[in-house]
Amino acid sequence: MSILIKMLLGQCCCHNYCPAIFIILFLSWEGLNGELLPGFSIQATKELTVQRGLCVYIPCRFTYSTQYGDLVSADSQTIWFRNYEFYLSSKPVLLNPLNEQIKQGDCSLKISDVSMENQGEYYFKIEGTDRLRFNYGDIKPCISVTDAPRRPVVYNSNGTVLNENDQELYEGSSFFMKCTAESSPPATFYWLKPNNYVLEGHEINVNGLLETDYGLYMCKATNRFGTSSISVNIIRKSNCRCVDSKIIVGIAVVIIVLILLIGLGIFCFLRRTKSKGKKGDKEEGHEVNEGSNSVYQDILVLKGQTSDIYHTLNMEK
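Below is a short write-up of the structure. Within each chain, residues carry numbers counting from 1 in the order of the written sequence. The predicted origin of the model limits local features to residues at a pLDDT of at least 70 and limits the giving and counting of side-chain atom pairs to 80 or more, whereas totals for whole chains, interfaces and linings rest on all residues. Hydrogens and water molecules were not included; the side-chain quantities draw on all heavy atoms of the structure.

### Comments concerning the pattern of salt bridges
For step 1, the next point in the chain: Whenever a carboxyl oxygen of Asp or Glu lies within 4 Å of a side-chain nitrogen of Lys or Arg, that contact is scored as a salt bridge. This structure, assessed with the given rule, holds 4 salt bridges.
For step 2, the next point in the chain: Across the salt bridge formed by R236 and E171, the nearest N and O atoms sit 2.4 Å from each other. Placement of the pair is R236 in strand 18 (residues 226–236) and E171 in the loop between strand 12 (167–169) and strand 13 (175–180), with a sequence separation of 65 residues.
For step 3, the next point in the chain: Throughout, exposure labels follow a simple rule: accessible area from a 1.4 Å probe, protein chains only, divided by the maximum for the residue type, with under 20% read as buried, over 50% as exposed, and the rest as partly exposed. Here R236 falls in the partly exposed class, since its relative accessible area comes to 39%.
For step 4, the next point in the chain: Classification of E171 by relative accessible area gives partly exposed; the value is 46%.
For step 5, the next point in the chain: One continuous salt-bridge network, built from bridges that share partners, spans R52, D147 and R150. Every helix listed is a DSSP run of H or I at least four residues long, and every strand listed is a run of E at least two residues long, numbered separately from the N terminus.

Structure, rendered in structure tokens:
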């Protein structure tokens, strides 16, 4: 235990200063009381809880038997596995060079900027010269990563992401929304509806939209480390069926052509009517002339007859 305290307080592994951001919320020290093989033992932190984005340090001490080989060659390795996945030991945490650190039995591991991917069980393995191959599987430090809820994501019934996009819906229609967010521990979800009604749960389903159902819907995800939220605006979709602009242009062209044709028809009709009027006037004038000539001929004939009668009367006298 004194070794652990010295390592934690005397060596400040994260960012080279003492643990303001080096946060270990739960720490217990456990080592092997017995040895599976003579000369092989390990002592390491069993459980650690750290907040995402901070630094975590796993104090570790180990021993091995030199009768199987050593760890001083260039090919020697000290390896950490996470959930049976390969994870190389980080650069030296202490001030000693790596070979000196390994010689002193230091297997400590530092992880900076912890993410959710760093969560899980770890176990230590050494590979040295000759026959030195050993897995320290009895002690498996477990790292738990806590995190405030990340920015929620909202889906509709088709799986389409609706984040902060306006949704146009007809009155009387229905809709479904589901809110999710990454967090550790899992978040509790709440929906705040436009009428300020709070609904617990990550899903919301509205059947038969009413006027009071339109507005802003806010999803909140919360755990003891923080809260995150996102909103979706449901707006009324107009019942009018809008006509395509190409159709409108086509109708306008047809109307203009019809107006032109009608105007042309009226112009032609008026012109023809006027032409007929002039022709009629000419024919009427011709008939008048012919009538005058006929009367004039009759007068001449009557004059001649009168002259003949006068001449005859003179002869009789």
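### Let's talk about the sheet that holds strand 13
Strand pairing in a sheet relies on backbone hydrogen bonds, with the paired strands running either antiparallel or parallel.
For step 1, the next point in the chain: A pair of strands is considered paired only if DSSP assigns at least 2 bridges between the two. Strand order across the open sheet formed by 3 strands is 11-13-16, with antiparallel pairing between neighbours. Looking at which strands have only one partner, the edges of the open sheet turn out to be strand 11 (153–156) and strand 16 (203–206). Strand-to-strand, the axes of this sheet are offset by a mean angle of 20 degrees, without reference to chain direction.
For step 2, the next point in the chain: Sheet analysis places strand 11 next to strand 13, joined by 4 bridges and oriented antiparallel. Within the sheet, the bridge partner assigned to V154 lies in strand 13 and is C179. Simply put, an axis is a line fit to the C-alpha atoms, just over the touching stretch for a helix, and the angle between two N-to-C directions goes from 0 to 180 degrees.

### Describing the sheet that holds strand 17 (residues 215–223)
For step 1, the next point in the chain: One open sheet accounts for 5 strands, arranged 12-18-17-14-15; its pairing is mixed. The sheet terminates laterally at strand 12 and strand 15 (198–200), the two strands that pair on one side only. For this sheet the average axis-to-axis angle between neighbouring strands, irrespective of direction, equals 25 degrees.
For step 2, the next point in the chain: Here strand 17 pairs with strand 18 via 9 bridges, running antiparallel. Looking across to strand 18, one finds that A221 is bridged to S228.

### Topic: the side chain of S108
For step 1, the next point in the chain: Relative to the helices and strands, S108 is located in the loop between helix 2 (98–103) and strand 7 (109–111).
For step 2, the next point in the chain: Polar contact is the term for a pair of N or O atoms within 3.5 Å; when the atoms are in protein, one must be able to donate a hydrogen and the other to accept it, and sequence-neighboring residues count only if both atoms are side-chain atoms. A polar contact is formed between the side chain of S108 and the side chain of Y57, at a distance of 3.3 Å.
For step 3, the next point in the chain: Here D106 takes part through its side chain, which lies 2.7 Å from a polar atom of the side chain of S108.

### Quick look at the state of the cysteines
For step 1, the next point in the chain: Any two cysteine sulfur atoms within 2.5 Å of one another count as a disulfide. According to the stated counting rule, one finds 2 disulfides in the structure shown.
For step 2, the next point in the chain: Each disulfide pairs two cysteine sulfurs, and for C60 the partner residue is C107, the sulfurs being separated by 1.6 Å. A torsion of -75 degrees about the S-S bond marks the disulfide between C60 and C107 as left-handed. Of this pair, C60 sits in strand 4 (residues 60–63) while C107 sits in the loop between helix 2 and strand 7, and the two are 47 residues apart along the sequence. The same class applies to C60 as to C107, namely buried.
For step 3, the next point in the chain: Disulfide pairing is shown between C179 and C219; the S-S distance is 2.0 Å. Taking the sign of the S-S torsion, -95 degrees for the link of C179 and C219, the bridge is left-handed.

### Remarks on the nonpolar core
Soluble globular proteins tend to bury their nonpolar side chains together.
For step 1, the next point in the chain: Remark: nonpolar core denotes a set of buried residues (Ala, Val, Leu, Ile, Met, Phe, Trp, Tyr, Cys) joined through side-chain atoms within 4.5 Å. I42, F62, Y64, F124, I126, Y136 and I143 are the most contacted members of the largest nonpolar core, which totals 26 residues.
For step 2, the next point in the chain: Broken down by secondary-structure element, the contributors of at least two residues to this core are strand 2 (41–51), strand 3 (56–58), strand 4, strand 7, strand 8 (120–127), strand 9 (133–136) and strand 10 (142–146).
For step 3, the next point in the chain: The element contributing the most residues to this core is strand 2, with 4 residues.
For step 4, the next point in the chain: Contact definition: two residues touch when any of their heavy atoms are within 4.5 Å. Once residues within four sequence positions are removed from consideration, Y64 is found in contact with G39, F40, G69, D70, L71, I126, L132 and Y136.
For step 5, the next point in the chain: Counting 19 residues, the second largest nonpolar core, distinct from the first, contains M177, Y214, Y217 and I230.

### A word on the environment of C55
For step 1, the next point in the chain: Tracing the backbone shows C55 in the loop between strand 2 and strand 3.
For step 2, the next point in the chain: Overall, the relative accessible area of 0% leaves C55 in the buried class.
For step 3, the next point in the chain: Placed 55 residues apart in sequence, C55 and K110 show a C-alpha to C-alpha distance of 7.3 Å.

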